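What follows is the residue order along each chain.
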Amino acid sequence: MVPLSFSRRMLLFRCFFCRLVVLASGLLCATDPVWAEEPPDPAARPLLNPATVSELPSIEVISTTPVPGLGMSLDKIPSNVQSIGISRINDQYVADFADLLNQNLGSVNLNDTQGSPVQMDVNFRGFTASPVLGTPQGLSVFVDGVRVNEAFGDTVNWDLLPQNALSSINLMPGSNPIFGLNTLGGAISINTKSGFEFPGTRLTLSDGSFNRRNVALETGGHGDTMDYYLAANFLNDTGWACCNPTAVKQLFGKTGYQDDLTDIDLTLMYADNQFSGNQTIPLSFMGNPTQPYTWPDINTDRLSSFNLRGTRFLDPELLLAGNVYYRSVTTSVFNSNAGPCSTSTNSAGALIGAADGILINQALPGDQGCNISSVVDQTRVGSTLQLTSTTPWWNHDNSLTGGTSYDHGSTGFTESNQPLALMPASRNTLSTEAVTQIVNLRGYTVNQGVYLTDTFSINGKTHVTLSSRYDHALVTMVDQLGSDLNGGHSYNRVDPSAGVTFNPVKSLTTYLNYSQGMRVPTPTELGCANPSAPCALPNAFASDPNLKPVTSSTWEVGARGTLAQGVRWNSALFSSVLNNDIQYLISPTSPTQGYFSNVGQTQRRGVEMGLDAGAEPWHLFVNYTFLQATYQSSFQLNGANSSANANGVYTVQPGDRIPGIPQQIFKIRLDYNPLQTLKVGATLLAQSNSYARGDENNQDVNGPMPGFAVLNLDARYHLDAQWEVFLRVDNALNRGYATYGQLGMNAFSSGSYSAAGSPEQFRTIAPPFGLWFGATWHFGTKDQKKSSAPPQAD
């Protein structure tokens, strides 16, 4: 497959340019709407533009479309939506975005695959949003209407999200097709602050364990129609273990125009982050969990982006919304490994998706190590146009939204090997040996979609929602070192959704929903999918045959309501079945090689329940999930599994649990306000055992990783109207536990380097007890502490 021709690129650019012109003309050149009566006096008209509801400190409605607009009240939404509002974001002073989700949302758990506090795998109902290439992605993530799943692998870089600029987070479960590709298990919609809703200045300084120091500054303001908001966040620490420091630098800016008809925002984001993971370590290393397996492992993420978003009421019941965005992300990785370098081109080695430094099932000739360096340079441009009509149908309330989206991604991926002739006793792999480039790949993605959703109120108690989306996706790969990786792939699909809510009384909502979604195979999977040309390691690139898209079908039935004033509850039963799921399989001709293939079905089903009860001075949040995430088809794998045969082959059977997903997740948070100026909180996070990757048949002699319970504490005290001090304690009882495991070959099992290695379970150990204290200075700032809570979960 050759690169896109000049004429093809010009056509794509014209499509993008046309959307920009249409959006700008619709927002800036539209005449004032024709009202049913004479326009009311502007002074008597509400100052709030209804289309800016997503920027509010409180969560009044939930945005159910890719570009936030008017939103929808919970009594009309047929799913168990969860939200995090500004009060909980401010109360807890969580250092990283993934941990914020884990602390506050039901059915969420984390896998620390890299040993870094800012780059976790986030799992929801058994579906993953991960920063690691090669990880099967199942959640879509949006920031102010811009999809932030990256072009090369659908990965999500959590470290790029500016936490002090967040105003609210909504988590919408299910395979909602309106949110497009990769929404197999849910969509996370993140809204940022504006100067209209968050005026004033706020400076936060903190220090504490692991030499973690954080400076967060935000300031905003507005006139009658113009506003601005600026935020900066800087975090540094030396890490709790050897060789895992973190440095985060994030800048955020937004300026806009707003009146009661029009809202336009221009958002700029920049980030330059570097962090070193501590890797997984084998069980035999647990006597000193601060030691690395091999080191260093250095990741660098750089982001530059802008988003022009706007809404315009064309008449009182017709809202035009849209955005135009540009996003550039460069990720550089230096990865140390105990094992020989690949000597062939187009072999991505153990970098992508495998646990750092671990050989899956390969002998080690001599005291060898290998450094793998890669650069992923991704650029995306895109736009969305959306039109919402709230005109009643036959005297019944109705909300109809239609839209179209376009996204073009361009990726450059290079990878190089650097051999290490002798593995030193310190397991430091820094080397002066020559570097050999083994992969040079250009990738292009084009995603186009058209969607329609309608919510019709049969009466004041019953509301029906029907939705559908058509997606057309192109994936093109161009090998710069040869032709093995050349290829082009096209995918088309229509995904439907249907749901109904019934509110028999004001305090009770019941619902039923069915939805479908699709995930397109990533270049990582397409680059290693040929049984006739298997890859030497689980994620190497070899050739480019086609794979079927992964499709999901989700049922959900549930209820939510109010038991008494201040007491809300929710419960849901759900089942998601994935067809054509993608898994790495062994080669029938070479047991040490393999390829990605569609393997049949997997299933995630379970029940989740939540309680939100408050009576001053106490507030209680409880979430419980029982989840069965299992394979539903039989296939063979190769690896360091103790149940494998002499060739390292083991068989996965229907009913075997998917690694990394616990069956039970329990969360409880208690807030206590003994004084008007003092608030203390405690969060207990608990989960049952889970299996390590490589133990997909659940038969390895090491068994599953144990479950755990960890207690976190926080407190904040207002000294006066401008100053507050706070304290945060993580892992207050200093529990030793792990959230991620991987089976592999331990080259140091005898205490020194061993050429053969021995199979062992590796784990990423969670940080020990940590304490941080700090102070926040407010000047001219709206009291964000007293922002009203979201309708369900805050």
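Structure: above.
Position numbers for residues start from 1 in each chain and track the written sequence from start to end. Two thresholds apply to this predicted model, a pLDDT of at least 70 for residue-level local features and 80 or more for giving and counting side-chain atom pairs, whereas whole-chain, interface and lining totals are computed over all residues. Heavy atoms from the whole structure form the basis of all side-chain values; hydrogens and water molecules are not counted.

Numbering of helices and strands starts at the N terminus; helices are DSSP runs of H or I of at least 4 residues and strands are runs of E of at least 2. Helix and strand content of the protein chain: four helices and 37 strands. Per-residue burial over the protein chain gives 62% buried out of 794 residues. Every residue pair with non-hydrogen atoms within 4.5 Å of one another is taken to be in contact. A fraction of 69% describes how many contacts in the protein chain between residues 6 or more apart in sequence connect residues 24 or more apart. Reported accessibility uses the Shrake-Rupley method at a 1.4 Å probe radius. Residues are deemed covered only where the shown protein chains occlude them. Entry remark: accessible area of the protein chain is about 28400 Å², with carbon and sulfur atoms responsible for 60%. Burial status follows relative accessibility: with a 1.4 Å probe on protein chains alone, a residue under 20% of its type maximum counts as buried, one over 50% as exposed, and anything between as partly exposed.

With mixed pairing, the five strands of this open sheet are ordered in space as 1-7-8-5-6. The open sheet is flanked by strand 1 (82-84) and strand 6 (146-147), the only strands paired with a single partner. As paired strands, strand 5 (residues 139-143) and strand 8 (residues 186-192) are joined by five bridges and run parallel to one another. Looking at strand 8, one finds that Val 141 is bridged to Ile 188. Between N-to-C directions, angles cover 0 to 180 degrees, with each direction set by a line fitted to C-alpha atoms, over the stretch in contact for helices. Across the face of the sheet, helix 3 (residues 97-104) comes into contact with strand 1, strand 7 (166-173) and strand 8 while running at roughly 60° to strand 7. Should DSSP find at least two bridges between two strands, the strands are taken to pair.

The next thing to look at is the state of the cysteines. By convention in this document, the label disulfide applies to cysteine sulfur atom pairs within 2.5 Å. By the definition in use, this model includes one disulfide. With a sulfur-sulfur separation of 2.1 Å, Cys 242 is cross-linked through a disulfide to Cys 243. Here Cys 242 falls in the partly exposed class, since its relative accessible area comes to 31%.

Taken together, the nine bridges between strand 28 (residues 618-631) and strand 31 (residues 664-675) define a ladder with antiparallel strand orientation. Looking at the pairing, Leu 620 lines up with Leu 670 of strand 31. With nine bridges joining them, strand 31 and strand 32 (residues 678-687) adopt antiparallel strand pairing. Its bridge partner being in strand 32, Lys 667 is matched across the sheet by Leu 685.

Okay, the packing of aromatic side chains next. Pairs were defined over the aromatic rings of Phe, Tyr and Trp, the Trp ring being its six-membered one, requiring ring centres within 6.5 Å. Orientation was assigned from the angle between planes: stacked under 30 degrees, edge-to-face over 60, tilted for the rest. Under the criterion given, the structure shown has 18 aromatic pairs. Ring geometry for Tyr 293 against Phe 748: centres 5.2 Å apart, planes inclined by 75°, an arrangement best described as edge-to-face. Pair noted here: Tyr 293 is in the loop between strand 14 (281-282) and strand 15 (298-315) and Phe 748 is in the loop between strand 35 (738-746) and strand 36 (758-765), with a separation of 455 residues, a long-range link. Each member of the pair, Tyr 293 as well as Phe 748, carries the same accessibility label: buried. The rings of Phe 285, Tyr 293, Phe 748 and Phe 762 are connected pair by pair, giving a single aromatic cluster. Comment: the charge-over-ring label is applied if NZ (Lys) or CZ (Arg) is within 6 Å of the ring centre and within 35 degrees of the ring normal. Its end group placed over the ring of Phe 621, Arg 88 keeps NZ or CZ at 4.3 Å from the ring centre.

What follows covers the pattern of salt bridges. If the charged atoms of two oppositely charged side chains come close together, the side chains can form a pair. In the sections that follow, a salt bridge refers to a side-chain nitrogen of Lys or Arg positioned within 4 Å of a carboxyl oxygen of Asp or Glu. By the definition in use, this model includes 23 salt bridges. Two residues, Asp 237 and Arg 212, come together in a salt bridge whose shortest N-O distance is 3.1 Å. Of this pair, Asp 237 sits in strand 11 (residues 226-237) while Arg 212 sits in the loop between strand 9 (200-208) and strand 10 (213-222), and the two are 25 residues apart along the sequence. Each member of the pair, Asp 237 together with Arg 212, is buried. Here Arg 728 and Asp 730 are joined by a salt bridge, their closest N and O atoms 2.9 Å apart. Judged on exposure class, the residue Arg 728 and its partner Asp 730 are both buried. Taken together, the salt bridges that share partners define one network made up of Asp 91, Lys 679, Arg 716 and Glu 724.

On their own, these measurements won't tell you what the molecule is for.
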